[in-house]
Amino acid sequence: RVATEANRDALIKDVEDRRQAGWRITALSLEEACTREPALGADVVAAAHAPDVLWVDGKAVCGGLAKRIRAQGGTVHEHHRVTAILRRGANDDPVTELACENGSTFDAQTILVCCAMGHHAIKGMPTDIPDSRPVRGVNLVLDMASMDHPIRHLIKHKRGTLCPRPGHQLLVGTTYEHGEED
């Protein structure tokens, strides 16, 4: 995650909030951020790395994961609306529990969030996931094959996301909510 001067304080607060909630997250110096991603813009003044936050094709991952879990004798709980993600235990060995609308709970080692609409209603979700609602939008896909320093990590900012994809592609998506001010 990166920040410009306008949202540096929000990034610093988010890093501290996530640490207190048990997330693995590291504040990066500007030099460290630019070493990881040399193509970062000159207006970036702060950065953080959360190794457990990734961008995936949720439908494909869930289908494949469910199939694998069942093949290995595990259980997949479907159609349980999650209302809260609760963390307990030490930061180096956290236990995560999912609380569901029907009153059931499940312990989880890994959580894969594959929802967009309504994720804001789940307590304990990261604060930097933009609220989603069904609107038309535009994403831009760029070819990074000729770039000297292609983007290698998911980069999130208040106004959008850069997401490297297979085949030297970079998905560029912007976020702007109606009524927001710069």
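Treat the numbers as computed from the prediction; the structure is a model and nothing was measured.

About the cut-offs
- Residues numbered from 1 in each chain as written.
- Predicted model: local features only at pLDDT ≥ 70, side-chain atom pairs only at ≥ 80, totals over all residues.
- Heavy atoms only, no water.
- Pairing = 2+ DSSP bridges.
- Helix = DSSP H or I, 4+ residues; strand = E, 2+ residues; numbered from the N terminus.
- Axes fitted to C-alpha atoms, helices over the stretch in contact; angles between N-to-C directions.
- Contact = heavy atoms within 4.5 Å.
- Salt bridge = Lys/Arg side-chain N within 4 Å of Asp/Glu carboxyl O.
- Buried < 20%, exposed > 50% of the residue type's maximum accessible area, 1.4 Å probe, protein only.

## Side note on the sheet that holds strand E4 (residues 82–88)
Here is step 1 of the chain: If you trace the three strands from one edge of the open sheet to the other, you get E4-E5-E6, paired in antiparallel fashion. Edge positions in the sheet fall to E4 and strand E6 (105–108), since each of these pairs with one other strand and no more. When the angles between neighbouring strand axes are averaged without regard to direction, this sheet yields 25 degrees.
Here is step 2 of the chain: Two elements, strand E5 (residues 95–100) and E6, share four bridges in a ladder whose sense is antiparallel.

## Notes on the sheet that holds strand E3 (residues 46–49)
Here is step 1 of the chain: One open sheet holds the three strands; their spatial order is E1-E3-E2, and the pairing between them is antiparallel. Looking along the sheet, the strands with just one partner apiece sit at the ends: strand E1 (2–3) and strand E2 (26–28).
Here is step 2 of the chain: Across two bridges, E1 lies against E3 in antiparallel orientation. Residue pairing in the sheet places Ala3 in a bridge with Ala46 of E3.
Here is step 3 of the chain: In the packing of helix H1 (residues 8–20) onto the sheet, the strands contacted are E1, E2 and E3, and the crossing angle to E3 comes to about 25 degrees.

## Side note on unusual backbone geometry
Here is step 1 of the chain: Residue His168 is not a glycine yet carries a positive backbone phi of 65 degrees.
Here is step 2 of the chain: Mapped onto the secondary structure, His168 falls in the loop between strand E9 (160–165) and strand E10 (169–174).

## A look at the pattern of salt bridges
Here is step 1 of the chain: Overall, the coordinates contain five salt bridges when judged by the stated rule.
Here is step 2 of the chain: A salt bridge links Glu5 to Arg8; the shortest N-O distance between them is 2.7 Å.
Here is step 3 of the chain: Accessibility expressed as a relative area gives 28% for Arg8, which makes it partly exposed.
Here is step 4 of the chain: In this structure, Lys13 and Asp17 form a salt bridge, with 2.6 Å as the shortest nitrogen-oxygen distance. Of this pair, Lys13 and Asp17 both sit in helix H1, separated by four residues, roughly a single helical turn.
Here is step 5 of the chain: Bridged by salt links that share partners, the residues Arg1, Asp14 and Arg18 form one connected network.

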